[in-house]
Amino acid sequence: MSPTTPHTPHTARLVVLDMAGTTVADDGLVERAFTAAAARLGVESGTPESEKMLAYVRATMGESKISVFRHLFDGDEDRARRANAEFERAYEQLVGEGHCAPLDGAREAIERMRDAGRTVVLTTGFARVTQDAILDALGWRDLVTLTLCPADTGPAGRGRPYPDMVLAALLRTGAADDVREIAVAGDTAYDMRSGVRAGAGTVAGVLTGAHGEDELRGAGASHVLGSVAELPALLDDMERA
């Protein structure tokens, strides 16, 4: 058998999916939680400072939230951590009030990929407590093999755009023998960069969240889909090819 080349198609044995905006409807929850957190730290909603911060939050959707707050508060670690804690508290409250739903076809897509023998992992830029609140609200605790947040990747706790969560999914599940057997899907440029940096064979952007096709392709998306519901068919078609 001839050696495998980077251009040889690989079966996607491990599928790493983002949550908010990809499998879970966001409906502005991130912005609402951010606004509440900023207000608790003295940044009044509607002010120029608040709008500037909100613009940065929108631009960095998909990035680890603690990293976003570190930038917004100029590296003030104590203030960033307090802001992050307030954000997580506000988001968890919104989830608890029922403002959380799966995107159409997301659960079915996960089940279809799982039934095809693919290992599915859910990742997020949120803290573990928020991720767990979302999983509980949706009844998704037993839906996938593994769920990961930035803190699960090691002492550094690096989220996107670093490859750490994708690689942690590979190391913890042992589902693939080659990084090219990984498929990554998400709605932000940060998801795409994370997949590219991890060496994933398929890096699919979806148009149900923060960023559009140009941003997704510019960040390295190999495919752009209308939603995650289209991912199982894409992977099946690639495998048959």
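Conventions used here
Residues numbered from 1 in each chain as written. Predicted model: local features only at pLDDT ≥ 70, side-chain atom pairs only at ≥ 80, totals over all residues. Heavy atoms only, no water. Helix = DSSP H or I, 4+ residues; strand = E, 2+ residues; numbered from the N terminus. Rg over C-alpha atoms; globule rule 2.2 N^0.38 Å. Buried < 20%, exposed > 50% of the residue type's maximum accessible area, 1.4 Å probe, protein only. Contact = heavy atoms within 4.5 Å. Areas by Shrake-Rupley, 256 points an atom, 1.4 Å probe, with all protein chains shown as cover. Axes fitted to C-alpha atoms, helices over the stretch in contact; angles between N-to-C directions. Parallel < 35°, antiparallel > 145°, perpendicular 65-115°, else oblique. Nonpolar A, V, L, I, M, F, W, Y, C, P; charged D, E, K, R; others polar. Salt bridge = Lys/Arg side-chain N within 4 Å of Asp/Glu carboxyl O. Right-handed = clockwise from strand over helix to strand, strands pointing away. Pairing = 2+ DSSP bridges. Core = buried A, V, L, I, M, F, W, Y, C linked by side-chain atoms within 4.5 Å.

Bringing the overall build of the protein into the picture now. Looking only at helices and strands, one finds 10 helices and six strands in the protein. A globule of 241 residues ought to have a C-alpha radius of gyration of about 18 Å, and the protein, at 18 Å, matches this closely. Summarising its shape, the C-alpha atoms of the protein cover approximately 65 × 35 × 35 Å along the three principal directions. The buried share of the protein, reckoned over its 241 residues, is 52%. For the protein, restricting intrachain contacts to residue pairs at least 6 apart in sequence, the fraction spanning at least 24 positions comes to 64%. Only carbon and sulfur atoms are counted for the fraction: they give 48% of the accessible area of the protein, which is about 10900 Å².

The subject of this paragraph is the packing of helix H5 (residues 106-115) against helix H10 (residues 231-240). The geometry of a pair of packed helices is captured by two quantities: the angle between their axes and the separation between those axes. Relative orientation of the contacting elements H5 and H10 amounts to 25°, with a least axis distance of 9 Å. Overall, the two elements H5 and H10 adopt an arrangement that is roughly parallel. Contacts between H5 and H10 involve Ala109, Arg112 and Met113 from the former and Leu231, Pro232, Ala233, Leu235 and Asp236 from the latter. Each residue belonging to the contact of H5 with H10 can be placed in one class, and the counts come to six nonpolar, no polar and two charged.

On to the side chain of Asp236, then. In this structure, Asp236 sits in helix H10. Taking relative accessible area as the criterion, Asp236 reaches 19% and is therefore assigned buried. For Asp236, the contacting residues outside a window of four places in its chain are Arg112 and Arg118.

Another aspect to go through is the pattern of salt bridges. With the rule as written, the count across this model stands at 21 salt bridges. Between Glu86 and Arg89 there is a salt bridge whose closest N-O contact spans 2.9 Å. Pair noted here: Glu86 and Arg89 are both in helix H4 (residues 77-96), with a separation of three residues, about one helical turn. In this structure, Arg128 engages Asp152 in a salt bridge whose closest nitrogen and oxygen atoms are separated by 2.7 Å. With Arg128 in helix H6 (residues 128-138) and Asp152 in the loop between strand S3 (146-148) and helix H7 (164-173), this residue pair connects regions lying 24 residues apart in the sequence. On the basis of relative accessible area, Arg128 is assigned to the partly exposed category, the value being 26%.

Buried residues dominate strand S5 (residues 202-206), accounting for five of its five residues. Traced from strand S4 (residues 182-186) through helix H8 (residues 189-198) to S5, the parallel crossover comes out right-handed. Relative to strand S6 (residues 223-225), S5 runs parallel, the two sharing three bridges. Residue pairing across strands places Ala204 opposite His223, the latter belonging to S6.

In this structure, Leu17, Phe34, Phe87, Tyr91, Ile134, Trp140 and Leu231 are the most contacted members of the largest nonpolar core, which totals 55 residues. Per-element accounting of this core gives the leading share, seven residues, to H4. For Trp140, the contacting residues outside a window of four places in its chain are Thr23, Val24, Pro102, Ala106, Arg107, Ile110, Leu122 and Leu135. If you look at the next biggest cluster of nonpolar residues, it comprises 22 residues, including Leu14, Ala169, Ala176 and Ala219.

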